[in-house]
Every structure is written in structure tokens, then in C-alpha cells.
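Analysis of the macromolecular model
Take a look at the letters that make up each chain.
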There are 2 protein chains.
Amino acid sequence: MTQTRWLDEREKAAWRGFLEASHRVERRLEQQLKEQSGLSHPQYEVLVLLADAPRRELRMTELAHALITSKSGLTYQIGQLEKRGYVRRRSCPTDVRGIFAQLTDEGYEALRQAAPGHVAAVREALIDVLEPDELAVVAEALGRVGHRLR
Amino acid sequence: MTQTRWLDEREKAAWRGFLEASHRVERRLEQQLKEQSGLSHPQYEVLVLLADAPRRELRMTELAHALITSKSGLTYQIGQLEKRGYVRRRSCPTDVRGIFAQLTDEGYEALRQAAPGHVAAVREALIDVLEPDELAVVAEALGRVGHRLR
DNA sequence: AGTTCATCCTTCAAATTTGAACAACACCGG
DNA sequence: CCGGTGTTGTTCAAATTTGAAGGATGAACT
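Anyway, here's the lowdown on the structure attached to this text. (Residues numbered from 1 in each chain as written. Chains lettered and ligands numbered in written order. Predicted model: local features only at pLDDT ≥ 70, side-chain atom pairs only at ≥ 80, totals over all residues. Heavy atoms only, no water.)

1. Some remarks on the pairing of strand β3 (residues 99-103) of chain B
Residues and elements named next belong to chain B. Most of β3 is tucked away, with four of its five residues classed as buried. With three bridges joining them, strand β1 (residues 57-59) and β3 adopt antiparallel strand pairing. Across the sheet, the residue bridging to arginine 59 is phenylalanine 100, located in β3. (Buried < 20%, exposed > 50% of the residue type's maximum accessible area, 1.4 Å probe, protein only. Helix = DSSP H or I, 4+ residues; strand = E, 2+ residues; numbered from the N terminus. Pairing = 2+ DSSP bridges.)

Next up, the structure:
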């Protein structure tokens, strides 16, 4: 291994800022959602993704990738959502192994009710804290960061 | 409640970018640390904080706040680190209730060995992906985001 | 000194997450 | 059509996280 390039002050500030912001924002959203909707953040994300998908359904694997979580973790969460009647499982016609998770009307309704509070929290925690030019950088730069790690 | 201000495309891109980046970066670091050092990210952070602290020790509550985790969660992690001999508990002289977590020499050594790989991963995942001006914005803007959520 | 209220850390049970192991199946080249 | 290889979703046990509860103490005030 070649010599370690340690982080200088500016880099350290960026790293610390990124870490703290992501933890605190996550924590805040988790709290807001649980409080006002009884949903966890992962669960909310599932509903959002399904609501935007054709026929309001997605394959388990697609969901797991989109949520950046493990397959078993998704199985668990879908199970929870199914219990509450927000999601239903449907087997895939073209692939016997495949399972579609499909948003139910109840699930859609739950999302509709949870969304305003969630968006408000996202604004308060992140979006409205950023200046327009900062917003652009976050979208562009962090978008690139996420993309490179796929 | 007044009308909901939904996110426009630019805002949504920033939010999505932020979310995906934080999840993927976290995941990558977790993997890198576990693989090359047998430490979890929270555990590594504990070691870093202690190493930088006077006498290499911090109160449990200070640590919990700094790590943005629950008190019980910290109790658990310190227990794990204690098992491995990386940390030792010391009762606080001025406050019977207080407990110091103190880094041992073994813990310091473990940190020394883990640090280069960790820093390299941080660079590869985030720091070296950002342009200098982007780095500045991330430090400044996300620093503000984290700060406002305290 | 007595009260009251906040703080400190741990314990406990419940919820969640993870990765490995599996079983069933798709897909591709021979 | 077969064998080899990769995929799909689940199950399982183990690790981790969380929040509520509790025991003990500090701190401020009367």
C-alpha cells in the first residue's frame, strides 16, 4: 500500500458535515414519520416507489435495489406492510420465481396522508436550509457520489 | 395546515441525491471496515472520538451525542468494544453516576491499523469524487444542515 | 434538611437488519 | 435436451437498534 493521504481540514469538514447531516436528517425523518403516520422511513419509501411504478407494483429485487437494502430486509418490510394491508404480493406471470409487491388502495391512501408531513419535514431539515446554488451542487455532486457506488 | 409545498424537480433531485449518497456511502464504509478491520462504523467512530479526546476518554453521554445514537445503543457498543479490550470503563470521580469510556492501548493500535483503509474508502466514496468547490459547499451547507438539527 | 426536577447509565423486551444457506427456477452454450 | 451458472425470494439465527422503565444521584430552591 502506498502512503496514506490523510484528510486535510477542508476535507475533514466536508466528511464530518456529510456524516452528521445524513445521520441527523435520517433520525428526524424517522421520528416525524413514526409520529405522524406510524410508518418507518423504509416503509414510506416503499410506498412512494410503488405509487410511482406502472400498475403500482415492482419486483422484490427492484425494490431492494432501489431502497439500498438487503433482500431479506425487504422481505421483512413487505411482510409488515402486508399485515397492515398497504401492500399485496402478486406472483409474476413470466417468471415463476418472481414476486410483485403491489400497492393497495389502503396503501395509497396511507401515503397520501403521510406525504404532506413528510415533505414538510424534508424541507425543514434539508431543502429549505440550502441556498439555490447549494441545492444545485448537492443534487449534482451527491448524485454523482451515489451513482458511482452502484 | 396550510397548503403543501411539494418539491420541484430540482429539489427532488437534491433530496434523492442526498438520500442515495448517504445510504450508499454508509453501506460501503460499513463493508470496508468490517472486512479489513472487523469493526463496525459506529465502533470505529467511537475509537476516533476517544483517540482525539483529552486522556483518551469521554463520558458515555458525550459519546452518545457525538455519535447521534441512543444511550442504550452506546451502552451496547461500548460493551462490545470492552469485550475486545479496545475500551475500558472508568467511573467519574466528580459524579458517581458518570462513566468514562477510555481507549486502551490495544484500542489505539486497532484504530491505527484501521485508519488508512478507512480514509482511503472515504476518499474513494466521497471526497475524491467532489471538485474543490463542491467540497466547500458540502462542508458549509451540510454542516449547517446538521447544526440546525441539534 | 427536604423537595422537586433533571441527568446518568443500564436493563429489558421488542423491532429491525444482516448475511449465509436454501430451494426453485431461468438462461445460455454445447 | 442437458449441464453449468446466475437469479429470485424466503428462512433462519445472530447481531444490532430502539424506546420505555428504573435505580441512583446531582442541583437548585425553600
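2. Quick word on the relation of the copies chain A and chain B
When chain A is fitted onto chain B, the two copies agree to an RMSD of 0.0 Å after a turn of 180° and an axial shift of 0.0 Å. What the superposition gives is, in effect, a two-fold axis relating one chain to the other. Proximity to the rotation axis, assessed at the C-alpha, singles out serine 22 of chain A in chain A; its C-alpha lies 3.0 Å from the axis. (Least-squares fit on C-alpha atoms with pLDDT ≥ 70 in both.)

3. Brief notes about the side chain of histidine 41 of chain B
Locating histidine 41 of chain B in the fold gives a position in helix α2 (residues 41-52). Setting aside residues no more than four positions away along its own chain, histidine 41 of chain B makes contact with Trp15 and Leu19 of chain A together with Glu26, Leu29, Glu30, Leu33 and His118 of chain B. (Contact = heavy atoms within 4.5 Å.)

4. Digging into the protein's contact with DNA strand C
Residues in contact with DNA strand C amount to 22 residues; listed here are only the nearest, Tyr76 and Gln77 of chain A together with Thr61, Arg89 and Arg97 of chain B. The side chain of serine 72 of chain A places a nitrogen or oxygen atom 2.9 Å from a base oxygen of DNA strand C. Tyrosine 76 of chain A places a polar side-chain atom, nitrogen or oxygen, 2.4 Å from a phosphate oxygen of DNA strand C. Elements with a minimum of two residues in the surface near DNA strand C: α4 (71-83) of chain A together with α3 (60-67) and α4 (71-83) of chain B. The element that contributes the greatest number of residues to the surface near DNA strand C is α4 of chain A, accounting for five residues. Tallied by class, residues from the surface near DNA strand C come to five nonpolar, ten polar and seven charged. (Near = heavy atom within 4 Å. Polar contact = N/O pair within 3.5 Å; in protein donor to acceptor, adjacent residues only side chain to side chain. Nonpolar A, V, L, I, M, F, W, Y, C, P; charged D, E, K, R; others polar.)

5. As for the layout of surface pockets
A probe matching the size of a water molecule, rolled over the atoms, marks out where space remains unfilled. Considered as a void within the structure, the largest pocket measures approximately 1400 Å³ in volume. Forming the boundary of the largest pocket are 45 residues, of which Ser22, His23 and Glu26 of chain A together with His23 and Glu26 of chain B lie nearest the centre. A breakdown of the residues in the lining of the largest pocket according to their chemical character gives 15 nonpolar, 14 polar and 16 charged. (1 Å grid on protein atoms, 1.4 Å probe; cavity = no way out; pocket = protein on both sides within 12 Å on 5 of 7 lines; lining within 4 Å. Points joined across faces, edges and corners; volume = space filled by probe spheres on them.)

6. Observations regarding the sheet that holds β1 of chain B
Residue and element names in this part refer to chain B. In spatial order, the strands read β1-β3-β2; together these three strands make up an open sheet with antiparallel pairing. Two strands close off the open sheet at either side, each with one partner strand: β1 and β2 (87-91). Ignoring which end each strand starts from, the neighbouring axes of this sheet average 30° apart. Packing of α2 onto the sheet brings it into contact with β1, β2 and β3, and relative to β3 it is tilted by some 95°. (Axes fitted to C-alpha atoms, helices over the stretch in contact; angles between N-to-C directions.)

7. As for the protein's contact with DNA strand D
Residues in close proximity to DNA strand D total 22 residues, the closest being Thr61, Arg89 and Arg97 of chain A together with Tyr76 and Gln77 of chain B. Atoms of DNA strand D within 4 Å of the protein: sugar and phosphate make up 65%, bases the balance. In this structure, a phosphate oxygen belonging to DNA strand D sits 3.5 Å away from a main-chain N or O atom of methionine 60 of chain A. Contact distances for DNA strand D include 2.9 Å between a base oxygen and a side-chain N or O atom of arginine 97 of chain B. Per element, the largest residue contribution to the surface near DNA strand D is five residues, and it comes from α4 of chain B.

8. Observations regarding the pattern of salt bridges
What the rule picks out here adds up to 32 salt bridges over all chains. With its nearest N and O atoms 2.8 Å apart, the salt bridge here joins arginine 150 of chain B to glutamate 20 of chain A. Highlighted residues: arginine 150 of chain B in the segment after α6 (132-148) and glutamate 20 of chain A in helix α1 (residues 9-37), drawn from two different chains. Relative accessible area serves as the criterion here: at 60%, arginine 150 of chain B is assigned to the exposed category. Taking relative accessible area as the criterion, glutamate 20 of chain A reaches 17% and is therefore assigned buried. For arginine 59 of chain B, the salt bridge is made with aspartate 95 of chain B, and the minimal N-O distance between the two is 3.9 Å. In this pair, arginine 59 of chain B sits in strand β1 while aspartate 95 of chain B sits in the loop between β2 and β3, placing the two residues 36 residues apart along the sequence. (Salt bridge = Lys/Arg side-chain N within 4 Å of Asp/Glu carboxyl O.)

9. Digging into helix α1 (residues 9-37) of chain B
The terminal C-alpha atoms of α1 of chain B lie 41 Å apart, and with 29 residues this matches the ideal 42 Å at 1.5 Å per residue to within 8%. The opening residue of α1 of chain B is aspartate 8 of chain B, an N-cap whose side-chain oxygen sits 2.9 Å from the backbone nitrogen of arginine 10 of chain B. (Expected span 1.5 Å × (residues − 1).)

10. Let's talk about the interface of chain A and chain B
Each side of the interface is counted separately: chain A has 62 residues, and chain B has 63 residues. For the pair chain A and chain B, the two sides together bury roughly 5800 Å², of which 67% comes from carbon and sulfur. In terms of surface lost to chain B, no three residues of chain A exceed Arg24, Ile68 and Leu149 of chain A, which account for 12% of the buried area on that side. Our count for the contact surface shared by chain A and chain B stands at ten salt bridges. Inspection of the chain A/chain B interface yields 24 residue pairs in polar contact (both at pLDDT 80 or more). Every element with two or more residues in the side of chain A that touches chain B is listed here: α1, α2 (41-52), α3 (60-67), α5 (105-125) and α6 (132-148) of chain A. For the side of chain A that touches chain B, the leading source of residues is α1 of chain A, giving 19 residues. For the side of chain A that touches chain B, the class distribution of residues is 32 nonpolar, twelve polar and 18 charged. (Buried area = accessible area lost by both parts, 1.4 Å probe.)

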